[in-house]
Amino acid sequence: MNNELDKFINLEEGWIDRRIFSDEEIFRQELEQVFARSWLFVAHDSQIPNPGDFLTTYMGMDGVIVTRQKDGSVKVFLNSCPHRGNRVCFADAGNARRFACNYHGWSFDIAGSLQGMHEEYCYDPGDIDKSKWGLKHVAKVGNYKGLNFATFDPDAPSLEEWLGDFRWYLDLILDNEEGGTEFIGGCIKSEISANWKFGVENFIGDAYHAGYTHDSGARAMNDGNPFPPIDMESSYHASVNGHGYEFGTEGVGDLILLGRPKVIEYYDKIRPKIAERLGELRSKIFGSVASASIFPNVSFLPGISTFRQWHPKGPWNFELKTWVIVNKAMPDDIKEEITKGVMQTFGPGGAFEMDDGENWENCTTVNRGVVTRKEKLHYRCGIDRRIDHPQLPGVVYRGQYNDANQRLFYQRWADMMNAPALSDMPERYKSVFGGRETRDYPGINAL
Ligand code: FES
Ligand code: FE
């Protein structure tokens, strides 16, 4: 597969081969080359505040347990017993002193260490060294402003390097008010029969679909008015190492779509403080029509407060997990208003959420046709609109209607699929991977 992906993606001409959304061999490679080597979001601090708190989630298709330790640190290990492989934890979340396997009763403490076994006398001296047969830990765990990430790859760069300048954009949602953020109201899981990348690319840059796909939803949430108009001169796509944020600078579009006037009032009140904290420009970006994704599989809407992860379940299916993210410092009634607004818009029956899944499922199914899959897909919108912006970090394109962030996401995806090791990533990631130039896409300059 290495170096064959040029035939699937051509970013100079602006097209993508449909097989990346359905081919089983490509999917198998994605799990190895992308998911087993990336930093992946695993938990928000607020989901596991106390020692013994845990949740179960996925890194790619590998199940993991995320636990808060007595010393406050977070450990992440495989949810798979080293005896025969059974799951050792079946709950989504909770508080535990140990995890005991259903099958033969091996039990592990919250650090994943093997503590004991059922009928332990059946093992003779020398049969098992318990210190070596604990649950398999990930290579590294990191935290950025409340978000915990983990990676299976010991050679992965630090989380700070991985996120790089994208932190400037992440702070819009994670650090716009003193005290940071929390997830509230639990997690909603949905199964969608679509390729996971359709969800990520929709949030990373596809403002284009919003006014059309979501026309009726926008009217429902905005007193019968259509989607707020996009000003192509003062809106942008920004991409850093494949992470992407598309946004306006009008300050209220997403807050209007949330449909909760009290929330708009709240942000009007704290906006001068946001400006003090994040600067004038970011205080105008906050609340605007915007959406974002962190490479490879997390997305969020900063003004609408939905935070989500797309877990692959095969080339044609994913599980979507969604949470409501709020500022800890907000009064309870504002948190409640935001929760209701998120449910009305991006809950499973929300005014916007329902429209997207159907499109992604159809894109996935139709792209599998034996003749259809040989045709290209068009990704060239706004290809010549790259600008140098004095304040915005990353690769910036003018105009929120653009395929730029999508192209740069797929560039990062292809680069990881091609690189034998992370140190082989192209020069444009050198600040991240210290790698060497292996290939280049003309028309997209080095970062
Ligand atoms: Fe877990 Fe045997 S599979 S104890
Ligand atoms: Fe949408």
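Refer to the structure above for everything that follows.
Structural notes, computed from the coordinates. None of the values given here were measured: they were computed from a predicted structure.

1. Focus: the overall build of the protein chain
Phase 1: Within the protein chain, the secondary structure is distributed over 13 helices and 22 strands.
Phase 2: Relative to a compact globule of 447 residues, whose C-alpha radius of gyration would be 22 Å, the protein chain shows 22 Å and is just as compact.
Phase 3: If one aligns the C-alpha atoms of the protein chain with their principal axes, the spans along those axes are about 75 × 55 × 40 Å.
Phase 4: In the protein chain, which comprises 447 residues, the proportion classed as buried is 57%.
Phase 5: Taking as baseline every contact in the protein chain between residues at least 6 positions apart, the subset at least 24 positions apart corresponds to 66%.

2. Some thoughts on the pattern of salt bridges
Phase 1: Enumeration according to the criterion identifies 18 salt bridges in this entry.
Phase 2: Across the pair Lys130 and Glu120 runs a salt bridge, and its minimum N-O distance is 2.8 Å. You can see Lys130 sitting in the loop between strand 10 (114-116) and strand 11 (140-144) and its partner Glu120 sitting in the loop between strand 10 and strand 11, a full 10 residues away along the chain.
Phase 3: In this structure Lys130 comes out as partly exposed when scored by relative accessible area, which is 27%.

3. Brief notes about unusual backbone geometry
Phase 1: Here the amide bond leading from Phe295 into Pro296 is cis, since omega sits at 0 degrees, within 30 degrees of zero.
Phase 2: Mapped onto the elements, Pro296 comes out in the loop between strand 16 (290-294) and strand 17 (298-301).
Phase 3: Even without glycine at this site, Asn241 takes up a positive phi of about 50 degrees.
Phase 4: Among the structural elements, Asn241 can be located in the loop between strand 14 (236-240) and strand 15 (243-247).

4. Focus on the nonpolar core
Phase 1: Counting residues in each nonpolar core, the largest one holds 108 residues, and the members touching the most others are Tyr169, Tyr245 and Trp413.
Phase 2: Residue contacts for Tyr169: discarding those within four places in its chain leaves Ala238, Val240, Tyr245, Phe247, Leu392, Pro393 and Val396.

5. Observations regarding helix 10 (residues 332-346)
Phase 1: With 15 residues, helix 10 extends 20 Å from end C-alpha to end C-alpha; this agrees with the ideal 21 Å at 1.5 Å per step.
Phase 2: Within the span of helix 10, buried status applies to Ile334, Lys335, Glu337, Ile338, Gly341, Val342, Thr345 and Phe346. For helix 10, the angular spread of buried residues about the axis comes to 160 degrees, placing them on one side.

6. A few points about the sheet that holds strand 1 (residues 9-10)
Phase 1: Spatial ordering of the open sheet is given by 1-2-20, a layout of 3 strands whose pairing is antiparallel. Of all the strands in the sheet, the pair left with one neighbour each is strand 1 and strand 20 (376-378).
Phase 2: In this sheet, strand 2 (residues 15-17) lies alongside strand 1 in antiparallel orientation, the contact comprising 2 bridges. Bridging from a neighbouring strand, Asn10 pairs with Trp15 of strand 2.

7. Overview of the packing of helix 1 (residues 24-35) against helix 12 (residues 404-418)
Phase 1: In the contact formed by helix 1 and helix 12, the axes pass within 9 Å of each other and the chain directions differ by 85 degrees. Of the possible angle classes, the one that applies to helix 1 and helix 12 is roughly perpendicular. Residues Ile26, Gln29, Glu30, Gln33 and Val34 of helix 1 form the contact with helix 12, whose participating residues are Trp413, Met416 and Met417.
Phase 2: When its residues are assigned to classes, the contact of helix 1 with helix 12 shows 5 nonpolar, 2 polar and 1 charged.

8. Let's talk about the state of the cysteines
Phase 1: Applying the stated criterion across every chain yields a total of 0 disulfides.
Phase 2: Cysteine Cys381 is unpaired, with the sulfur of Cys363 as its nearest cysteine sulfur at 16 Å.
Phase 3: Note on Cys381: relative accessible area 28%, which makes it partly exposed.

9. With respect to the coordination of the iron ion (ligand 2)
Phase 1: At 2.1 to 2.3 Å from the iron ion (ligand 2) lie its protein donor atoms, namely His209 (NE2), His214 (NE2), Asp356 (OD) and Asp356 (OD).
Phase 2: Around the iron ion (ligand 2), the 4 donor atoms are arranged such that angles at the metal cover 57 to 146 degrees; this shape is classified as irregular.

10. Some thoughts on the packing of helix 8 (residues 261-278) against helix 10
Phase 1: Viewed as axis vectors pointing N to C, helix 8 and helix 10 meet at an angle of 130 degrees, and their least axial separation amounts to 9 Å. Judged on the interaxial angle alone, helix 10 and helix 8 are oblique. Along this stretch, helix 8 crosses helix 10, giving a crossing that reads as left-handed. Facing helix 8, whose interface residues are Lys262, Val263 and Tyr266, helix 10 presents Asp333, Ile334, Glu337 and Ile338.

11. Considerations on the packing of aromatic side chains
Note on aromatic pairs: each is described by the distance of the centres and the angle between the planes.
Phase 1: Summed over the entire model, instances satisfying the criterion amount to 35 aromatic pairs.
Phase 2: With centroids separated by 6.2 Å and ring planes inclined at 70 degrees, the aromatic side chains of Tyr245 and Phe300 adopt a geometry described as edge-to-face. A residue pair is termed long-range when its members are at least 10 positions apart, and Tyr245 in strand 15 and Phe300 in strand 17 qualify at 55 residues. Each member of the pair, Tyr245 as well as Phe300, carries the same accessibility label: buried.
Phase 3: Look at Phe307 and Trp323: their rings are 6.4 Å apart centre to centre, the planes differ by 55 degrees, and that puts the pair in the tilted class. Residue Phe307 is located in strand 18 (residues 306-312), and its partner Trp323 is located in strand 19 (residues 318-327); the two are separated by 16 residues in the primary sequence.

12. A closer look at the side chain of Lys335
Phase 1: Mapped onto the fold, Lys335 is located in helix 10.
Phase 2: With residues up to four places along the chain from it excluded, the contact list for Lys335 reads Glu182, Ile184, Val326, Asn327, Lys328 and Met330.

13. Comments concerning helix 4 (residues 196-205)
Phase 1: Within helix 4, 10 of the 10 residues are buried, which leaves the element mostly enclosed by the surrounding structure.
Phase 2: Of all the residues in helix 4, the buried ones are Trp196, Lys197, Phe198, Gly199, Val200, Glu201, Asn202, Phe203, Ile204 and Gly205.
Phase 3: The N-cap residue of helix 4 is Asn195: its side-chain oxygen and the backbone nitrogen of Lys197 are 3.0 Å apart.

14. With respect to the environment of Asn367
Phase 1: Locating Asn367 in the fold gives a position in the loop between helix 11 (353-366) and strand 20.
Phase 2: Sequence separation of Asn367 and Asp17 is 350 residues, and the distance between their C-alpha atoms is 9.6 Å.
Phase 3: Among all residues touching Asn367, those that are not within four sequence positions of it are Arg18, Phe21, Ser22, Phe198, Thr372, Arg373 and Leu377.
Phase 4: In this structure the side chain of Asn367 is engaged in a polar contact, spanning 2.9 Å, whose partner is the side chain of Arg18.

Rules behind the numbers
Residues numbered from 1 in each chain as written. Chains lettered and ligands numbered in written order. Predicted model: local features only at pLDDT ≥ 70, side-chain atom pairs only at ≥ 80, totals over all residues. Heavy atoms only, no water. Helix = DSSP H or I, 4+ residues; strand = E, 2+ residues; numbered from the N terminus. Rg over C-alpha atoms; globule rule 2.2 N^0.38 Å. Buried < 20%, exposed > 50% of the residue type's maximum accessible area, 1.4 Å probe, protein only. Contact = heavy atoms within 4.5 Å. Salt bridge = Lys/Arg side-chain N within 4 Å of Asp/Glu carboxyl O. Core = buried A, V, L, I, M, F, W, Y, C linked by side-chain atoms within 4.5 Å. Expected span 1.5 Å × (residues − 1). Arc of directions from axis to C-beta. Pairing = 2+ DSSP bridges. Axes fitted to C-alpha atoms, helices over the stretch in contact; angles between N-to-C directions. Parallel < 35°, antiparallel > 145°, perpendicular 65-115°, else oblique. Nonpolar A, V, L, I, M, F, W, Y, C, P; charged D, E, K, R; others polar. Disulfide = S-S within 2.5 Å. Donors = N, O, S within 2.8 Å, 3.2 Å for Na, K, Ca; no water. Tetrahedral: all angles 85-135°; square planar, octahedral: opposite > 155°, others 65-115°. Left-handed = near helix turned anticlockwise from the far one by under 90°. Phe/Tyr/Trp six-rings, centres within 6.5 Å; stacked < 30°, edge-to-face > 60°. Polar contact = N/O pair within 3.5 Å; in protein donor to acceptor, adjacent residues only side chain to side chain.

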